[in-house]
Amino acid sequence: MARIVGIDLGTTNSLVAYMADGHPLVIPGRNERAMVPSVVAMTDNGLIVGDSAKEHLTRSPERTVYSVKRFMGKSLEDVQGELAYFPYHLTEQGGVIRIKLGEKTYSPPQISAMILKELKQRAEAHLGESITKAVITVPAYFNDSQRQATKDAGMIAGLEVLRIINEPTAASLAYGLQQKTQGTIAVYDLGGGTFDISILKLKNGIFEVLATNGDTHLGGDDLDRQLADLFVKEIRERYGLDLNAYPDHMQAIRLEAERTKVRLSDAMKTTATLDLPDGKGRYERDLTRDQLESLTMNLVERTLGPCRLALKDAGLTPNDIDEVVLVGGSTRMPLVRQRVQELFGKIPHCELNPDEVVALGAAVQADILSGGTTDMLLLDVTPLSLGIETMGGVMSSVIRRNTTIPAGAKEMFTTYVDGQTGVDIHILQGERELAKDNRSLARFRLKMPPLPAGVPRIEVTFLIDANGILNVLAKDMRTGQSQSIEVKPSYGLSDSEVERMIEDSFKFAADDVSARKLIEARLDAGALITTTEKSLLEGGHLIASDNIAATRTALAALTAAKDGADPRAIRARMADLEQAAKPLTVALLNDSLTKGLQGKKVSEVT
Amino acid sequence: MDHQHTHSASPRELQMARSMCWHCQSEMSGEYFCERCVKVQPVSKELDYFTCMGFPRRLTIDPRQLETKFYELSRAFHPDFFQNKSAEEQTISLSNSALLNTAYRTLRDPIERAEYLLDLEAGSVKQIRNSPPADLFEEILELQDTLNEYRAVEQTSEAESTLRTKLQSERNMLEQRQRNMEAALQQLFVQWDALQDRGEATSQARAERDRILKEMREHLSNRTYVKNIVSDLVSTIG
C-alpha cells in the first residue's frame, strides 16, 4: 500500500506529517520550518504559496488570499458580515464563493488545493516517492458542505482523501500515542479561525468521542481583529487617517496585531508599531497584557459555553475530566489557559507543539488506514442532529448529535391524506424543533400508489459514514420501491447558519417547545373533528337530538379554538368534545356490536 | 423497526439462517468472519440488538462488559480496518458498524434497553400518553394552573417568588416520583431476568411474563410523562 500522509489544512498555517517507525513526524520545507502559511498570492510570475506568498500580503493585498478556510463550503451571503476585513475580491457563482485573482476567479477549494499541492510536493521531495493519498483534518464542527469542499480541494490537488477526520480527535491520537493516556480527556482546540471542544474516553487504544461542540467562526483571527480595530480607531483619532482606504496598510496592521498578541503571551507589555501612509510618520502604541486581555475577554468567554454543553451532552462534570489538552496556536495565550484551567479545575497539557499536534494525529490516522497501526481506533461522532420534516413543519430527529459514526437509523413514515400520490422527504440538520429554523440539506419526492391515509409505509434510512458524509434511502415497504440520494449540499450550507441554529436552539428552546405543542394540538384537534363529523353522519340517528346539538356546539367550539394560538385551550375543547360526543360514541359501538351479532346463533355468542 | 418477528426464533437459529459465506460459499462456522476465506460477514438486519452484541435478552447488563464487547466488535467491523479490502467488504463493514453503534447506544441506557425489549416482546411502547397517570391527575392539573399563573405574573414580584417556591417543591415531588418509578422498574427488571433464567414454559410463567411486561409498559410510559412535565417545569422556572 502506498504511503498515506496526514495533512492539517489550517486557517493560518498548514502542515503535512507522516509516520516513521511508529512515530509521527512533521515534514519541514527547505527553510526547515514545518508550517506552510495558508496564503496564496497571484504574482506577475504566476501563483505562489506559503512563506513567499505571505510577503505579498502587504505588497499586493488585493491579489493575496489568506484565511480561505473561512469560506470553504459557504455562500457569499453567509460571510457578508466580515467581507470588509478582506482586501481580496469575493463574488459568487452557483451558490459558491469565488475569489478574484487578476483576471480569473477561484473557488475556495481551488485555493486550498494550491496549499495542498505545496504540502504534497514538500512530502514527495522529503520522502522521495509519489504521494497520492491523504488524511485531511477539519474542525469537528464542520458541516457536510465544508467537509465536501475539503474533500474537493484534495481531489483538485491530486490527492485521494481517504478520510476526513476532526482536528481535536486527531490531536487526541497524537497525545494518546505519546502518553499512553487512559481515562477521560477534553481537547480544547482554538485555531486561527475555528474553535472545537471534544470530550473523549481513552481505553486500551480505543478513542471514543463522547461529545463535541464548537464554534466554526471563532479563532485567533477574531482576537487579532479586536486589536487591529483598536489601532485603526486610534490612528483615525490621532492622525485623521482612515486606514480602510489603504488595503496594504490594513494588512500590515493585521499582521502587527497578530505579532503584538503573540509577544504578549510571553511579555507583560510591548509596543506595536506601524509606518503610516502619506508621510504621516509612524504610529506607536504601548500595550500591556492586561489591556489585550480586556479586549479579548468576551471572545475567550465565548469558548466556555460550548465546553459546558459538550460536558452536559457527555453526561459529565468538570471533575470527571482526567486531563485537558490544548491544541491550536491561540491556546498559547495565558488568558485562554487560565480560563480553561478554571473551568476544568486542572492544569492543561501542552507538551506537544499546539501548532503541530493535529498534523501528527492525522499521520497516526493515516497509518491506521494503511494497516500499520492496528491497536488504535478512533470512534468519532456527528456534531449536529439529522432529521426529516414531518407534518406541521416539525423536525423529527433521526440521528441525534453526538451519535457515534458510522451511524444508521430507520424511521417509518405514512401518508396523512387519502389518495396521496407522493411523499416529500425534506432532510434537515440542526437542533431546533421547527424545520424552518434548521438547515435544509436536501429534498426529494417518493411516488406512491394512491391509498387511504395511513396505509402506505415509508421507511427512511439515514446512514452517516466514517467521514461524516450522509446518505439517505427511502423505501416503500409495500412495493419495495426505493429512491436513494446522496446529500450533496449544492447551495450555501453556511457555518454561521449552523452556529445560529445551535445558539438559537438554546436561546429559543422555550419558544420552540410551545410552537411544537401548538402544532401537535392542532393536528390532534383536526383528527378529532374529522372522526366526530364522520360519526355524526353514521350515527346521528342513534342518539337524542339534544345530544346531537351538544356535540355540534362542542365541535364548533373546538374548530374555533383550533385556529387560536393556545395549545391548552385546544386540548381543553378537545376534552369537551370527547365528553359531549360520548353518547354518540357509545351508540355507535353498541350498533356495530349488534350488527356483528346478527345472524349468529345464541350458542355462538355466549 | 420491524423486530416483532425475531423473538420467536432463537439467536442460534438466526445465526444459522445465514449459513453460507457470501464470498467463498463455504459453510459458516465463525461468528463474524468466514473461517475459510477470512471475509467479514454481514450481521443480519433481522438480528435484535441483544443477539447482535452477544448478550441474552436480560434487563440487567454490566456496563463494563457491554463496553468491552462494543470495543471488541468495533475493532472487528470499523471501516478504518477495511481500507485495503474489496468494495463488498467495505460495504459490509460500514453497515455492520452502523448497526453495532445503534445496538450499543440502545443497550447502554437501562431505560432505552427496557423500551427496546418491550418493543421486541410486545410491540411498540413509544407512544407517549396524552393524559397524566391516574394517580397524578389532580396534581398535574393544579400544576398546570400554577404554571399558567407563574407565566402571567410580573417578574421579581412577591407573587412570582411565592409561585416559584411552589413550583420548585412541585418539581422536587415529581422528581421523587420519577425516582420511585425508576426503582419500581428496577425491580421489574430483576423479576424479568429471574423469570428468563428459570426458562419455564408453563402457563403460569407465561402469565407472569405478561404481567411484568404490562407493568413495565405502564411505568415506562408514566415515567416518560412525568419526565416531560419536569423538563417543561425546569424550562419555565429556569
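Residues numbered from 1 in each chain as written. Chains lettered and ligands numbered in written order. Predicted model: local features only at pLDDT ≥ 70, side-chain atom pairs only at ≥ 80, totals over all residues.

Some remarks on helix H9 (residues 304-314) of chain A
Residues and elements named next belong to chain A.
Then, number 1: All buried positions along H9 are accounted for by Pro306, Cys307, Ala310, Leu311 and Ala314. One side of H9 holds all its buried residues, which, seen down the axis, span an arc of 140°.
Then, number 2: The inward-facing, buried residues of H9 contact strand E14 (195-203), strand E15 (206-215) and helix H10 (334-344).
Then, number 3: Taken from the residues just after H9, Gly315 is the one with a positive phi, measuring 70°. (Buried ≥ 20, exposed ≤ 12 C-beta atoms within 10 Å, placed from the backbone. Helix = DSSP H or I, 4+ residues; strand = E, 2+ residues; numbered from the N terminus. Arc of directions from axis to C-beta. Contact = placed C-beta atoms within 7 Å.)

A word on the environment of Phe71(A)
All names here are of chain A.
Then, number 1: Tracing the sequence through the fold places Phe71 in the loop between strand E7 (64-66) and strand E8 (89-93).
Then, number 2: Given 27 C-beta atoms within a 10 Å radius, Phe71 is considered buried.
Then, number 3: Sequence separation of Phe71 and Pro108 is 37 residues, and the distance between their C-alpha atoms is 6.2 Å.
Then, number 4: In contact with Phe71, other than residues within four places in its own chain, are Val79, Ile97 and Pro108.

Points about the domain arrangement of chain B
Residue and element names in this part refer to chain B.
Then, number 1: Domain assignment breaks chain B into domain 1 (6-122) and domain 2 (134-237).
Then, number 2: Each of domain 1 and domain 2 was reduced to a C-alpha centroid, and the two centroids are 34 Å apart.
Then, number 3: With nine residues of domain 1 at the interface, the matching set in domain 2 holds 10 residues. (Domains from an automatic or database assignment.)

Describing the sheet that holds strand E5 (residues 39-43) of chain A
All names here are of chain A.
Then, number 1: Pairing in this open sheet of three strands is antiparallel, and the strands run E6-E5-E7 from one edge to the other. Two strands in the sheet have a free side with no partner beyond their single neighbour: strand E6 (46-49) and E7. Across the sheet, the axes of successive neighbouring strands diverge by a mean angle of 15°, strand direction being ignored.
Then, number 2: Sheet analysis places E5 next to E7, joined by three bridges and oriented antiparallel. Directly across from Val40, in E7, lies its bridge partner Val65. (Pairing = 2+ DSSP bridges. Axes fitted to C-alpha atoms, helices over the stretch in contact; angles between N-to-C directions.)

Some points on the environment of Pro110(B)
Residues and elements named next belong to chain B.
Then, number 1: By the secondary structure assignment, Pro110 is in helix H5 (residues 110-122).
Then, number 2: Classification of Pro110 as partly exposed rests on a count of 16 C-beta atoms within 10 Å.
Then, number 3: On a C-alpha basis, the gap between Pro110 and Glu89 in space is 33 Å, while along the polypeptide they are 21 residues apart.

Re the nonpolar core
All names here are of chain A.
Then, number 1: Core analysis: the biggest nonpolar cluster contains 160 residues, and Val5, Ile7, Ala17, Ala174, Ala359, Ala362 and Ala363 have the highest contact counts within it.
Then, number 2: Here this core takes 10 residues from helix H11 (residues 357-369), the largest share from any one element.
Then, number 3: Excluding residues within four positions of it along the chain, Val5 makes contact with Val16, Ala17, Tyr18, Ala123, Ile131, Ala134, Ala363 and Ala366.
Then, number 4: Within the second largest apolar cluster, 15 residues are counted, among which are Ala252, Ile253, Leu264 and Tyr283. (Core = buried A, V, L, I, M, F, W, Y, C linked by C-beta atoms within 7 Å.)

A look at the interface of chain A and chain B
Then, number 1: Listed as interface residues are 21 residues of chain A and, on the opposing side, 18 residues of chain B.
Then, number 2: Elements represented by at least two residues in the side of chain A that touches chain B include exactly H11, strand E19 (377-379), strand E23 (403-404), strand E24 (407-413) and helix H13 (509-539) of chain A.
Then, number 3: Looking at the side of chain A that touches chain B element by element, the count peaks at four residues for E24(A).
Then, number 4: When the residues that make up the side of chain A that touches chain B are grouped by side-chain class, the tally is 15 nonpolar, four polar and two charged. (Nonpolar A, V, L, I, M, F, W, Y, C, P; charged D, E, K, R; others polar.)

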